[in-house]
Every structure is written in C-alpha cells, then in structure tokens.
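Understanding the architecture of this molecule
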Amino acid sequence: MFRVEITRENDPRGRLIKDDFASFGVDDIEYIEVRDVYYLHGDISKEQAERIASELLCDPVVEQYRIGDPEGFEILYNPGVTDSKEDSIKKAIADLNITIDAAKTGTNYIIKGRYDEARLQQTASLFLFNPLVQHIKHAKEEVYKPAPYKLSVHTIDLSGDLSSISHDMGLFLSEIEMKQIREYFNKDGKMPTDVELESIAQTWSEHCRHKTFLGRITMNHERIDNLLKNTIMRATNEISHPMCLSVFHDNSGVIDFDEEYGVCFKVETHNHPSALEPYGGAGTGIGGVIRDILGTGLGARPVLNTDIFCFGIPDFDFQKLPGGILHPQTIIRGVIRGVRDYGNRMGIPTASGAIYFDDDFLYNPLVYCGCVGLIRKDRIKKSAQSGDAVLLVGGRTGRDGIHGVTFASAELSEESEKSCVQIGNPIMEKRVMDCLLRVSDEGILSSLTDCGGGGLSSAVGEMGKSTGVKVWLDRVPLKYAGLSPREIWISESQERMVLAVPHEHLSRVIKIFQSERVPATAIGEFTNDKRLRLFYKDELVCDLDMEFLHNGLPMPFKKAKIKVVPEQHYDLPKPIEFNSILLAIVSSLNSCSREWVIREYDHEVQGGSVVKPLLGVDNIGPQDGVVIKPRLDKNRGVVVSCGINPSYGRLDAYNMAVSVIDEALRNLVATGGDIRKAAMLDNFCFSSPEREEILGDIVMSARGCYDAAVAFGVPFISGKDSLYNEWVDNQGKVHLIPPTLLISAIGIIDDVAKCVTMDLKAPGNDIYLVGETAGELGGSEYFRMLGIKVGQVPKVNLTQAPKIMNQVHAAMEKGLIQSCHDLSEGGLGLAISEMAFSGGFGVKLDLQDVIYNGKDRRFDFVLFAESNTRFLLEIEKGDAGKINDIFQGLPIVKIGETTEVKYLRVFFGKKKLIDLPLSIIQAKWQRKIV
Amino acid sequence: MKPKVLVLRAAGTNCDVETAYAFKIAGAEIESVYIDELEHRQLTDYQIIALSGGFTYGDDIAAGKILANEIKYKFRDKFLEFIELDNLIIGICNGFQVLVKCGILPAFDESFEAQSVSLISNDSERFEDRWVHLKVYSNRSIFTKGMKSIITLPVAHAEGKFVVKDDDILKQIQEHIVFQYVDKKGNEAGYPFNPNGSILGVAGITDQTGRILGLMPHPERHISFLQHPNHTREKLDETGDGLRIFENAVKYFEV
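1. Points about helix 21 (residues 579-586) of chain A
Residue and element names in this part refer to chain A. The buried fraction of helix 21 is high, at 6 of 8 residues. Those residues of helix 21 that sit buried are Asn 579, Ile 581, Leu 582, Leu 583, Ile 585 and Val 586. Packing partners of the buried residues in helix 21 comprise helix 26 (781-786), helix 28 (827-839), helix 29 (859-864), strand 41 (903-908), strand 42 (911-917) and helix 31 (918-925).

If you want it as structure tokens, here you go:
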C-alpha cells in the first residue's frame, strides 16, 4: 500500500478553512495547509506508485507530491462508505497500464497554532467532516472487507409480542398491521422469512403507501375516507384539464407540451438524510428525483432541477447548539454543495428554488428537490409483460441506505438509525441516463422504474404487481461480498433503475449499457402467477401473494382536530421613521439575495435557459420564475415557479395553502406564464400525523389546495407527503416543524420571446399596483421582525384572483408590460426595491391611492403587508389607456413612476416615508449569510 | 464541403448536445462518439473534433485530468495524425481543461509537449455560473476571425483559473491568448469580471497554428439572443456572440 499526498502552491483552501474555524470560535490558529491524499492498495512497486503520483495525481504546474506517512490529522471515509472517486481513479491507473486493487481518497490538514487539540477536533467535526461517514485517521487503517455471505434464511415466529418484533426488526409496522400479517401467514400455514416480512414492511411503509393521505380520518365527528381523493385528486378530476396526460399514477405527472412531447414534473423531499448528512442527503435527494423523471413512462429526459430548502437560523449561537444536531451553517453548506455537485455533474440546470429560514427548522431542516423532464408522447404508457426479463442497471448494490423508507415514518432522535446515510455517485447516474435515453429512443422496453426508497423491493414489487415476478438475488452485482438476501432486496444503493425487457431485445439493451460501462444484469423474470418469489441460488427465500402484498394493508383510522387559534391582540405603535424599517426588511434572512447559492449551480447547461434566476442590469435581480426552452430548435417554453410559507402554516394551515398556491401562480404569471396552461405539484411536510392537531392542519391544508385549485382551474398532477418531521432531543422534548406546504407550478409558454422580467427597464415609465392590500400581517416578515407571533394570515379572494392573473397575462401578451414583479414576503416595500436596483433606475411613489381593505390603513401596513394576488407593473406612459381597458373592473392603481436618479422615494401625499439611494438598499439586500 | 464534427463524449460529458446543435446550425455534420468507440474510428474521417463541457470522470483527481491522460496514453497517435492534417480542434470548459492537461494546448513547439500551463480551482474555491465580458484577439485563431472586439458569454466552472509554470511561459503565452476577461469597457479588471483569478485574465488560448482553440466560457450557450440574460431589456442581435466561433470553423472548410 502506498500513501500519496499532494500539495498545491498558494492553495486558498487553508485560509478559507481557518476562517471557518474562527467563525466557530477557534481563532488561535496561525495557518492551515490542506493536502489531498490517495491510498493505493495492491501489488505495485514504488516506481509504479511514483509514476501514478507524478503522471496522474499531481498537476505538474502547481502541485508537488510526496509518498509517505501523514503529519497532522487526516480525514478518511468510514469502512463500507462508498468512495465515489474510486472507480474513476482505478480506471485512470489502468490507462497507465498499472492495476491496483483499491484506491481510497482522504484529506490531510496541517494546522499550526496554539489551539486546544480536543476543541479543534470537535469543531472540525462540525464542518470539516461528518462522523457518520468519515473519521479522523486511526493508527492502523483497514480496507473494508466483509466476510463472505453464507445463506441462512431466518424464519420469524409471530406468536410472540408483535410490537416488539416490529420494533426489533426496524419494520415500523403497527400492531394492527402485524396482526394482519400474522393472519396471512397462519392461513398459509407457514412462518414468514425475514425477507418476506421486510418486503411487506417496505411495501406498507408510509413512504410507499401514504397511509395518512389514503387512510381514514375522523375530524370533529366528520369522517374522511381517503383525504387525497377527496381534495387534491378531486380538484384535478373536476378541472379535467385537457393538457393532463398522466396524473398521479406514474413516477411524475405529465402534461402536454407540443405535438410530439409532454413535460413531466416531480418534487421529492429528502429531509431526514439531509439532517444527518447534509452533503450526501441532499445529493442523493436530487439524484433520486432525477431517477423519478428518467423512470416516468418509458423514459423522460431531465431538463431542469429545482431545489427548495427550509433551514434554521444560520447565526444560531454555536455555544447553545443542542446535542445531536448539526449547526444550521453546517447543514446549509452541506446541502448546497450536495445539490451543486450532483446537479452540475448530471448536466441538468438547477435554476428554480427558494430558501426559507425559521427557528423551528433548527432540528429538522427540509430539503425539497424537483426535476422537470421532456417525454415523447408515445412513450408515456408502460406495463411489464409476462416473460419479460427483469433487468437491473446502474450502480452496484451495497449496505447503503438500508431502511431508508421505514425510517421516513419515524421521528428523528439522537439514536436514529444511521445506516440510511449515503453519498451518491452522479457520474454513474449520468451514464445510466445517457444509455437509458438511447434505449428509450429505440422503443425496446416494456416498462421501467427507478430504484429509490425501498430499493429492489419497491421497484420490482411494484412493476410485477399485476403479473407476478421471480428474482434471483444472488445475481445482483454487489459492491462487496457478504450481503444477505434481505439486505440485497431492501438496499437503497443509489443510481439503479429496473427495466422490463422483452427477451428478443435483451441482448441489444445490455449492449447499449455496456457500451458506456454501465452494469446491466438480468436478475429475474416477470411471470403470470401473481406471486412475488425471490431466490438465492436455488433456495426460495420469499414467496408472497401480490394481492396481499399490495392490497392487504389495513388502512388505519386516525383522529384529527381543527386547531383553535385564540384571538390574540397585539399593540403596535405606529412607526415614524421608515427608512430603517425598509433596510431591516430587505436584509432579513427571508428577503435578502440568494445569489450566493444560485451561482454555485450551473443554471444554464443544456443551453435552453431563457429567463434566468438572476437578471437585470448587473445580473443580480431575483426573478419570480424561470423559463427554459427544452427543445433548442423551438421557441416554445416551460415556466417553473414555487410558493412556500411556513410562517403562515404555523398560524393558519388553510390560508397557508391558498396563499402558497396564489404565490406559485403569481410567480408563474409574473414571468410570462398563463394559469390556463399550468399545473401544480403539492409537497406536504408536516410533523407526526398521530398528533390530532397536526392531522387537522393537514386536512385543512388539503382543503385549501382543493378550493384554490378549482378556483384557479389549475390541476394537481403529482405530489408527495413527508410526515413525522420532528425531533426528540436528549431531554425527551419534542420539537415540531411548522406545517409546510410547498407548491410548485409549471406552465407552457407558446413564445418565450414574450416573457417579461422583474427589473425596471427605463426611466419615465409608470408604476401600477394591481390587487388589493389588506391589514393581514399575520406571519409576515414585518411581524416576524417585530416579534409579533399572532395576526390574520393573508387570504385569497378566489373569485377575483384568477381574473387578475388572466388580465396580467393578457397585458403581457400585448407587449404592454415592461417589467412585472409579484408581491410576497416583505410586501410592496421589498418588491419595488428589488425592481429598482435590479434595473438600475430610481422610483418615486405616492401610496395615497393604494386600494386598501380595512380600517387600519397605516403606512407600515401599506408598505409591508403581504396580501395575495398583487403585482407591480412598469408601463410606458402612452399605454395607460390600454392598461385601464384590460383591467376594467379589477383593482389597479397608478402609484408612481421610474426615474433616472437612482433613489427610492416613497410618499404618502405630502408626507415622505422613504428616501434612500438604491446603492444602500442593494448593499443591505446582498448581505452575507454563509 | 460540409465538414464533419466528432463530438467526443466520455462519462460525465454534459454539454455535448448543445455543442453539437451549435455546429449543426453553423452548417456542419455531427457525430457524437463515446471515447471507448474511438479505437474503432478513423479520426481522419472528420475535420473538426469538439471536446465539450462537463465533468469527465467526475473531475475526480482534477478537472479533465483523467480524460487528458486517456487521450495522451491511448489515442496519442490518432490525435497527432488528425492535427497534422490541417484540421480543427475546439475544447470548451472541461474540453479546454483536457487539452491543456494532455499538452495539445498551448503546444508552443509540438503537440503533447510537457504540461506548462494549467487550469486550477477558482480563487473563490466555488463553482460559479455568470456572464462575462471577453476581449477577443480575433486574428490569432481560425475560430475567431472577424469577431467583435468585446463579446459576452457565460462561464460555469469550479476550476478555471489559468496559471503558468514560470515567467518564461508567461512571456510565451502572451501571443497565444485569444480571449481575456475584461470589464464592460474592455479593461482588465478583478473579480467578478475575472471570475476565477486567471493570470492576465486568460479565458482562452490557441496553439501556434490557430487551428486548436481552448476556452473556459461557453460559446454554445450564446448562439441566440434568447439565451442572453438581458434579452428582455435590450435590443440584441438575433444571433448570439458565440455562434461566430462555430461558423468560422465550418467556413474554414468551405473552399
């Protein structure tokens, strides 16, 4: 074994890490040097190691290498954790005509100073490495070599205490469910094997079966059978939109794009893994949702990624951090790097998203990852046929992520099961994608799905539901020996897909995958006996009735209660000075610039980006939605936007739902979208639905979704729930997240050249405010700043809102709108500021005529209320008449004009409220967060 | 003659489709070839080789390094033969990193000479996607003939900082510079105009003959005004600044 370390001249990493240590309170370090380390295992000579180091590992222009033992401390991966660089390093060494057995990478830190070693190591574990997957090098390191596996099938006696069996095996099944299983096996006259029990637990898990949304609920004496069908799916059915091509049953929802193609969209969450290992958790989150798109129909081409995060407060006092959780800074950096490294390597633009900060996400952050795909219309339908081969393609299977699915039904705590943590390999997924799309183009598949939560168990079990299937688990290619059939069956190793291939095409399909060195292995066959049969060599280790597996789950009864929020009054003196309030609002965590994140994502790869997330005179303006044209030779586009507001959710789940739908659609319309050509996705993130009030919030949110979707005529096409988002701390105290619904909207734009952006375009134009303002400041950024935790959450006038959105679109189609921005967090004050500094022109406003609902028409409320369905429009003076015609009967008022002088000046009649140079507002808005 | 372009792909190449598209609308014939296929191909059947952007082999070890070594150790003769035949090569982003690391660029004296310049981590240590202004030394490369003196293109990379081995190389490289990061007015400037800290603001270089070009910015992402971030605020030319590079390459073979 040889250890090679590489040092780079003028490496800035040491200085950056030194600054990081200082920000975590270790400030007595003089300097840090970083060295990249490679361990080369195998029978090679010193000369060969030298050759590898000098010709491959070291950049001859700026780097030096040394072969030998380390100084300082060194971070290595834990045994069994996949080092995603190993494959490519071995390949590169083979190109030098040298063969090695294994290659491992690490990072070496040389630290000089008068620091305290123990404190240094503890601090390092907060941001330099994650003890779940990495460690500080021991004196003697060993390469992970598990013992070879010898088959032993365990049967489980179900005559004992069922709850403890479920708990001990980590199945997360309820006693009622366990009883149902016992009855099935009693009838069958046998004891279940461990593989059989696991298969049932995976299939019946909350993650796969959505027991809360599909189950039975009683709320205030009212009975709801199947909440999903009664609200979200019902809205889609009633709207019955002709553009819906495939909704709710595939891996993603598909809508009509043009004559040849549809577009599909899916958003997933990866909250628990991201809380434990932010980098790996977020990376595998985006990797997973990309596979959802690849696995839609007979294969869709991913064209856009979205990411939405909810984090704790980044400047949380490091000394007060509760045990067992990662600091928000650690989570934020890890999650962003994870999405960046995976998304960028996949060559899919990550261009749409949002970040929300709130104290209540300290214990349980939320990480939503979405993906949009382009799919040929004749490739939407699929079904595995009896006799088709089960072909497993992609990465090898290891012990990664065992029990990720059942784990999703559990609250997090310090003892949470840690084997669910994985690090992805985006280049493997890229290769799978490239080959899969070629196979898909040739039209030689019967069916296809991704291997995600629940691993092969979910993927194969689902595909073979109506036929039956048999699989030889010993044929699955493994990362290392020693996995039991149970582990192979439920492993959630990344970058795998399952294909149903007719036998006559099998060799062709395998050949395509092999041409880019992607493992592709036939592991079984679809049958016609409607049974799930698993073999390990000749031994039958699982034999279950598909009917029982998929339909035997007893749907649970859950109780819900509508949360009663007592009317609370607040006493708020009227402020007299507004400049400082505006500056505080623009620099608040939820209002300030996201440029620091957006630039780290390649948001322009594939060349289809038309309206970018950063725009304006200096390309810093925060655009409401993004537009891509997925076919380079056509001007037809896709607009994507989102809405999220946990602060509203904390106060009023129903109005949160209608508000975030309004927000997502506002963003879509402000960018050029048309709500008549749009669809939505819902992603519910809530705490445990076993709590009656939480389930009450879920029901109310779902009802909000129904009411708003029907009113706007915009259908839901897909969705997902992630429940049990809570954390039990070491004192046993439970920390809940606020009810959080993410709405993602997608729309089709006939001609992308007509899109409008939010940056002011010229001086001397008029500014109009569309929509009504009201004193509903509950959950607003203004109230958060003042520490007021009560108040009415903004409502939506569902009769008027769709009309307003349609007329904004009509004005855009006629080319009358120069710039358009929606009003959300931070209200009018933030929106007009952003338009001004993004465009590089000043604004002079008089708010006297703002249409206001209510008696409390205060300056601060008019400036910072977050009332829904409002837009700011920049209109050329000559177009006033046309604008007034288009908005006849709707609330619209001219409130000012754009100016050459770069100031924001806001009046209320003769009273001057705000007078600030744009440069100062912009500087505050561009504050540093991490 | 309609030239034939070989768009080389390897694991992790990801700008191949839009690069091929840019060549296509410039009038070329395109074939995408996976690196493992190269053994069975005659490079001399093509007139242009394009190494596009991406993260070949994950950029593990260093950006472009593994593909650079693969070309250097497995396909050296094929590339030498191709270069000697008055053909063209363009390396964009990851492709530029590959050309530099295998010694096809800058090729002061010959192809595959010892590496004397490199592209390393940005000063910010971050991946950055942003639009930049570039000064063009249009007469130094076939690809840039007749181009405007200042153009805008996007960059999107983590390892784009151009460095040289020593002062001697620094002197020699001056004549090879084709694109330089500048501010709006065309003056040399610091971050963010120079997004990565490249010496002399180097964004792209040529070999001695002007037939091999490597650049970090993405010309294939600016072949239409719709790709430009300011298309909603200014009247821009229908075709983007980057298209000319592909058109020049095609024109070179139209005799």
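2. Re the sheet that holds strand 30 (residues 716-722) of chain A
Think of a sheet as strands paired side by side through backbone hydrogen bonds, with each pair either parallel or antiparallel. Residue and element names in this part refer to chain A. Spatially, the 6 strands line up as an open sheet ordered 24-27-28-33-29-30, and their pairing is mixed. The strands lining the two open edges of the sheet, one partner per strand, are strand 24 (609-611) and strand 30. In this sheet, adjacent strand axes meet at a mean angle of 20° when their direction is disregarded. When strand 29 (residues 678-685) meets strand 30, the two strands line up parallel, connected through 6 bridges. Directly across from Met 680, in strand 30, lies its bridge partner Phe 716. Here helix 24 (residues 653-670) sits on the sheet in contact with strand 28 (637-643), strand 29, strand 30 and strand 33 (740-749), set at roughly 30° to strand 33. Against the sheet, helix 25 (residues 692-712) touches strand 29, strand 30 and strand 33, its axis set at about 175° to strand 29.

3. Re the interface of chain A and chain B
Facing 69 residues of chain A, the contacting portion of chain B comprises 53 residues. Contact between chain A and chain B buries roughly 4900 Å² in total, counting both sides, with carbon and sulfur atoms accounting for 51%. Of all residues in chain A, Val 61, Asp 95 and Arg 599 of chain A give up the largest surface area on contact with chain B, accounting jointly for 12% of the area buried on that side. Joining chain A to chain B, the criterion identifies 31 residue pairs in polar contact (both at pLDDT 80 or more). Going through the elements one at a time, helix 1 (13-23), helix 2 (46-57), helix 3 (86-95), helix 14 (328-346), helix 16 (426-442), helix 22 (595-598), strand 24 and helix 28 of chain A are the ones with two or more residues in the side of chain A that touches chain B. Counting residues per element, the side of chain A that touches chain B draws most heavily on helix 3 of chain A, at 5 residues.

4. Here we look at the sheet that holds strand 13 (residues 350-357) of chain A
All names here are of chain A. The strand order across the open sheet formed by 6 strands is 9-10-11-14-12-13, and the pairing between neighbours is mixed. Looking at the sheet topology across the chains shown, the edges are occupied by strand 9 (244-246) and strand 13. Across the sheet, the mean angle separating the axes of adjacent strands is 20° when strand polarity is ignored. With 9 bridges joining them, strand 11 (residues 261-269) and strand 14 (residues 366-376) adopt antiparallel strand pairing. Residue pairing in the sheet places Phe 265 in a bridge with Val 372 of strand 14. Contacts between helix 14 and the sheet are confined to strand 12 (301-311), strand 13 and strand 14, with strand 12 contributing the most and set at about 180° to the helix.

5. Details of the nonpolar core
Counting 103 residues, the largest nonpolar core has Phe 23, Ile 71, Phe 79, Ile 89, Ile 104 and Phe 179 of chain B as the members making the most contacts within it. In terms of nonpolar packing, the next biggest core, distinct from the first, is built from 76 residues, Leu 227, Ala 664, Ile 698 and Leu 890 of chain A among them.

6. A word on the environment of Leu 57 of chain A
Residues and elements named next belong to chain A. When you line up the elements, Leu 57 lands in helix 2. Given a relative accessible area of 3%, Leu 57 falls into the buried group. Separated by 825 residues in the primary sequence, Leu 57 and Lys 882 place their C-alpha atoms 66 Å from one another.

7. Points about helix 2 (residues 65-74) of chain B
Here helix 2 of chain B lies mainly inside the structure; 7 of its 10 residues are buried. All of the buried residues along helix 2 of chain B are Lys 65, Ile 66, Leu 67, Ala 68, Asn 69, Glu 70 and Ile 71 of chain B. Buried residues in helix 2 of chain B make contact with helix 2 and helix 3 of chain A together with strand 1 (4-9), strand 3 (48-51), helix 3 (76-84) and helix 4 (94-102) of chain B.

8. As for the state of the cysteines
Residues and elements named next belong to chain A. Applying the stated criterion across every chain, the model contains 0 disulfides over all chains. The structure places no disulfide on Cys 310, whose sulfur is separated from the nearest cysteine sulfur, that of Cys 685, by 7.5 Å. Classification of Cys 310 by relative accessible area gives buried; the value is 0%. This cysteine, Cys 451, is not joined by any disulfide, and Cys 208 carries the nearest cysteine sulfur, 11 Å off. On the basis of relative accessible area, Cys 451 is assigned to the buried category, the value being 2%.

9. Structural notes on the packing of aromatic side chains
For any pair of aromatic rings, the description rests on two quantities: the centre-to-centre distance and the angle between the ring planes. Scanning the entire structure with this criterion turns up 21 aromatic pairs over all chains. Taking the centre distance of 5.2 Å and the plane angle of 85° together, the rings of Tyr 252 of chain B and Phe 253 of chain B count as edge-to-face. Classification of Phe 253 of chain B by relative accessible area gives buried; the value is 12%. Among the aromatic side chains, those forming a connected cluster through ring pairs are Tyr 570, Tyr 782, Phe 783, Phe 861 and Phe 864 of chain A. The positively charged end of Arg 475 of chain A is found above the aromatic ring belonging to Trp 472 of chain A, 4.3 Å away from the centroid. One residue, Arg 905 of chain A, lies across the ring of Tyr 903 of chain A, its end atom 4.5 Å from the ring centre.

Parameters and conventions
Residues numbered from 1 in each chain as written. Chains lettered and ligands numbered in written order. Predicted model: local features only at pLDDT ≥ 70, side-chain atom pairs only at ≥ 80, totals over all residues. Heavy atoms only, no water. Buried < 20%, exposed > 50% of the residue type's maximum accessible area, 1.4 Å probe, protein only. Helix = DSSP H or I, 4+ residues; strand = E, 2+ residues; numbered from the N terminus. Contact = heavy atoms within 4.5 Å. Pairing = 2+ DSSP bridges. Axes fitted to C-alpha atoms, helices over the stretch in contact; angles between N-to-C directions. Buried area = accessible area lost by both parts, 1.4 Å probe. Polar contact = N/O pair within 3.5 Å; in protein donor to acceptor, adjacent residues only side chain to side chain. Core = buried A, V, L, I, M, F, W, Y, C linked by side-chain atoms within 4.5 Å. Disulfide = S-S within 2.5 Å. Phe/Tyr/Trp six-rings, centres within 6.5 Å; stacked < 30°, edge-to-face > 60°. Lys NZ or Arg CZ within 6 Å of the ring centre and 35° of its normal.

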